[in-house]
Amino acid sequence: MKKLFGAYRILAYIVGTLLLIGSVGFILKYALSEGSDLQRLGDDLTPIWLAHGWVYIVYVVVAFVLTQQAKWTIPQFLLLLIAGLIPGLIFWVERRAAARLRAENPELALS
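Residues numbered from 1 in each chain as written. Predicted model: local features only at pLDDT ≥ 70, side-chain atom pairs only at ≥ 80, totals over all residues. Heavy atoms only, no water.

Engineer: When you look at unusual backbone geometry in this model, what are you seeing that I'm missing?
Structural biologist: Generally, phi is negative for residues other than glycine and the peptide bonds are trans, each holding for most cases. Here Lys 71, not a glycine, exhibits a phi torsion of approximately 60°, which is positive. Structurally, the position occupied by Lys 71 is in the loop between helix 3 (47-70) and helix 4 (74-83). Since its relative accessible area comes to 71%, Lys 71 is described here as exposed. (Helix = DSSP H or I, 4+ residues; strand = E, 2+ residues; numbered from the N terminus. Buried < 20%, exposed > 50% of the residue type's maximum accessible area, 1.4 Å probe, protein only.)

Take a look at the structure:
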């Protein structure tokens, strides 16, 4: 479970970071006037969404396996999934999930 826990934490940070960068790019792309430098930057950040999508799929699989091994309920699994779709939320959820996993599995305390 230690490797799975580590993979979950790394994927959570990657998904969260990609989501924040993609959201900033989205705002720059659609909220600013056409042709400005920041608008072009937002347009250049569009591929971030593709990367977020692929990493999010891996995150979902790892989160599912982790919740199954930890014997968590479906709502707890759904919270992990929703966190990867709302900018910034995943960082808070990851901390709570990590604290709970460490409390339930003392061997993870050093991770």
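Engineer: Before we go on, may I ask you to explain the side chain of Ser 23 in this structure?
Structural biologist: As for its position among the elements, Ser 23 is in helix 1 (residues 2-31). The contacts of Ser 23, once residues within four sequence positions are left out, are Trp 49 and Pro 87. (Contact = heavy atoms within 4.5 Å.)

Engineer: Looking at this structure, I do not really get the nonpolar core. What am I missing?
Structural biologist: Note that soluble globular proteins tend to have their nonpolar side chains buried in a common cluster. Among the nonpolar cores identified, the biggest contains 23 residues, and Tyr 8, Tyr 59, Trp 72, Leu 80, Ile 90 and Leu 101 are the most heavily contacted of them. Mapped onto this core, the elements with two or more residues apiece are helix 1, helix 3, helix 4 and helix 5 (89-104). In contact with Tyr 59, not counting residues within four places along its chain, are Tyr 8, Leu 11, Ala 12, Val 15, Leu 80 and Ile 90. (Core = buried A, V, L, I, M, F, W, Y, C linked by side-chain atoms within 4.5 Å.)

Engineer: In this structure, what is going on with the environment of Phe 77? I would like to understand it.
Structural biologist: Within the fold, Phe 77 resides in helix 4. The class of Phe 77 is buried, set by a relative accessible area of 14%. Each C-alpha atom, one on Phe 77 and one on Ala 63, is 7.1 Å from the other, the two residues being 14 residues apart in sequence. Setting aside its immediate chain neighbours within four residues, Phe 77 contacts Val 60, Ala 63, Phe 64 and Thr 67.

Engineer: Explain the packing of aromatic side chains to me, please; I cannot follow it from the model alone.
Structural biologist: In the structure shown here, the tally under the stated rule is five aromatic pairs. Summarising the aromatic geometry, the rings of Tyr 13 and Phe 91 are spaced 5.8 Å apart at their centres and angled 35° between planes, so their arrangement reads as tilted. Here Phe 91 lies in helix 5 and Tyr 13 lies in helix 1, a separation of 78 residues in the sequence. What makes Tyr 13 partly exposed here is its relative accessible area of 31%. Ring pairing ties together the aromatic residues Tyr 8, Tyr 56 and Tyr 59, which thus form one cluster. (Phe/Tyr/Trp six-rings, centres within 6.5 Å; stacked < 30°, edge-to-face > 60°.)

Engineer: Would you take a moment to explain the packing of helix 1 against helix 3 for this structure?
Structural biologist: For any two helices packed against each other, one specifies the inter-axial angle together with the distance between the axes. Direction vectors running N to C along helix 1 and helix 3 enclose 150°, while the axes themselves pass 9 Å from each other. As summarised for this structure, helix 1 and helix 3 are arranged roughly antiparallel, according to the angle between their axes. The two elements helix 1 and helix 3 cross, and the hand of that crossing is left-handed. For the contact of helix 1 with helix 3, the residue count by class is 22 nonpolar, four polar and no charged. (Axes fitted to C-alpha atoms, helices over the stretch in contact; angles between N-to-C directions. Parallel < 35°, antiparallel > 145°, perpendicular 65-115°, else oblique. Left-handed = near helix turned anticlockwise from the far one by under 90°. Nonpolar A, V, L, I, M, F, W, Y, C, P; charged D, E, K, R; others polar.)

Engineer: Please clarify how the side chain of Gln 39 should be interpreted in this entry.
Structural biologist: Mapping Gln 39 onto the fold places it in helix 2 (residues 37-44). By relative accessible area, Gln 39 is classed as buried at 6%. Apart from the residues lying within four places of it in its own chain, the contact partners of Gln 39 are Leu 28, Lys 29, Leu 32, Ser 33 and Glu 34.

Engineer: In this structure, what is going on with a nonpolar patch on the surface? I would like to understand it.
Structural biologist: Together, Leu 50, Trp 54, Ile 57, Val 61, Phe 64 and Val 65 line one region of the surface with nonpolar side chains, adding up to about 610 Å² of accessible area. Summarising the element assignment, Val 65 is placed in helix 3. (Patch = residues over 30% accessible without salt bridge, like charges linked within 9 Å, V, L, I, M, F, W, Y side chains within 5 Å. Areas by Shrake-Rupley, 256 points an atom, 1.4 Å probe, with all protein chains shown as cover. Salt bridge = Lys/Arg side-chain N within 4 Å of Asp/Glu carboxyl O.)

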